[in-house]
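Take a look at the letters that make up each chain.
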Amino acid sequence: MSSKDPMDLLLKKVMEEFGIQEEYERMKRDRKNCNKANLTPGQILVIAALLGGVLEVTSILIDKDQLVQIVLSGSLKRPKAKSQLEQIMDQVGGMPFDQVMKNLLRRY
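Just so it is clear, the model here is predicted, and its values are computed rather than measured. (Residues numbered from 1 in each chain as written. Predicted model: local features only at pLDDT ≥ 70, side-chain atom pairs only at ≥ 80, totals over all residues. Heavy atoms only, no water.)

As for the overall build of the chain
Logical step 1: The secondary structure content of the chain amounts to six helices and two strands.
Logical step 2: Its helices and strands in sequence order give the chain the pattern α-α-α-α-β-β-α-α, from N to C terminus.
Logical step 3: Considering the chain as a whole, with its 108 residues, one finds that 11% of them fall into the buried category.
Logical step 4: Restricting the contact set of the chain to residue pairs at least 6 apart, pairs at least 24 apart contribute 29%.
Logical step 5: Counting every atom, the chain has about 9,300 Å² of accessible surface; 57% of that belongs to carbon and sulfur. (Helix = DSSP H or I, 4+ residues; strand = E, 2+ residues; numbered from the N terminus. Buried < 20%, exposed > 50% of the residue type's maximum accessible area, 1.4 Å probe, protein only. Contact = heavy atoms within 4.5 Å. Areas by Shrake-Rupley, 256 points an atom, 1.4 Å probe, with all protein chains shown as cover.)

Remarks on helix α1 (residues 6–18)
Logical step 1: Here α1 spans 18 Å end to end across 13 residues, near enough to the 18 Å set by a 1.5 Å rise per residue.
Logical step 2: Among the residues of α1, L11, V14, M15 and F18 are the ones counted as buried. Each buried residue of α1 sits inside an arc of 100° when the element is viewed along its axis, so together they form one side. In α1, the exposed positions that point more than 90 degrees away from the buried face belong to P6 and K13. (Expected span 1.5 Å × (residues − 1). Arc of directions from axis to C-beta.)

Focus: the nonpolar core
Logical step 1: L11, V14, M15, F18, I20, I44, L45, A48 and A49 together form the largest nonpolar core, which totals nine residues.
Logical step 2: Elements with a minimum of two residues in this core: α1 and α4 (41–51). (Core = buried A, V, L, I, M, F, W, Y, C linked by side-chain atoms within 4.5 Å.)

Details of a nonpolar patch on the surface
Logical step 1: Side chains of V46, L50, V57, I60, I62, V68, I70 and L72 sit close together on the surface and give an oily, nonpolar patch of about 690 Å² of accessible area.
Logical step 2: Breaking the nonpolar patch down by element, the ones donating at least two residues are α4, β1 (55–62) and β2 (68–74).
Logical step 3: Note that V68 resides in strand β2. (Patch = residues over 30% accessible without salt bridge, like charges linked within 9 Å, V, L, I, M, F, W, Y side chains within 5 Å. Salt bridge = Lys/Arg side-chain N within 4 Å of Asp/Glu carboxyl O.)

Digging into unusual backbone geometry
Logical step 1: At Q66, a residue that is not glycine, the phi angle is positive and equals roughly 60°.
Logical step 2: Following the sequence through the fold, Q66 ends up in the loop between β1 and β2.
Logical step 3: Judged by its relative accessible area of 67%, Q66 falls in the exposed class.

Considerations on the pairing of β1
Logical step 1: In terms of strand pairing, β1 meets β2 through seven bridges, oriented antiparallel. Of the residues in β2, the one forming a bridge with E56 is S73.
Logical step 2: Between β1 and the antiparallel strand that follows it, β2, lie five residues; Q66 among them carries a positive phi value of about 60°. (Pairing = 2+ DSSP bridges.)

A short note on the environment of L50
Logical step 1: Here L50 shows up in helix α4.
Logical step 2: Taking the C-alpha atoms as reference, L50 lies 9.0 Å from L72; in sequence the two are 22 residues apart.

Topic: the packing of α1 against α4
Logical step 1: Put simply, α1 and α4 touch, their axes get as near as 10 Å, and they point 5° apart. With respect to their mutual orientation, α1 and α4 come out roughly parallel. Across the interface between the two elements, M7, L10, L11, V14, M15 and F18 from α1 touch P41, G42, I44, L45, A48 and A49 from α4.
Logical step 2: In the contact of α1 with α4, the residues fall into eleven nonpolar, one polar and no charged. (Axes fitted to C-alpha atoms, helices over the stretch in contact; angles between N-to-C directions. Parallel < 35°, antiparallel > 145°, perpendicular 65-115°, else oblique. Nonpolar A, V, L, I, M, F, W, Y, C, P; charged D, E, K, R; others polar.)

Below is the structure:
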């Protein structure tokens, strides 16, 4: 994707962020299937986001005229790595208070 088209550049950047550049390159090599699909860059971004786990289906709506709406939600923010203290607090959070206090007092 060496094009200067802004959509192509955006597509490349987003796929790198999602970590699915390799899958797209493999799909691009298989030109037979890609040419039949005629996908737009926006459609490719949605597919990539679904495959990468960034977007998930929130709901599927079907009205009386059988119009289907699929609602997707997700975030482009990467989850920050938890500190060691946060990891410990996650483990301790499910324990009863008295057990936590006994373990603390035993340690010191």
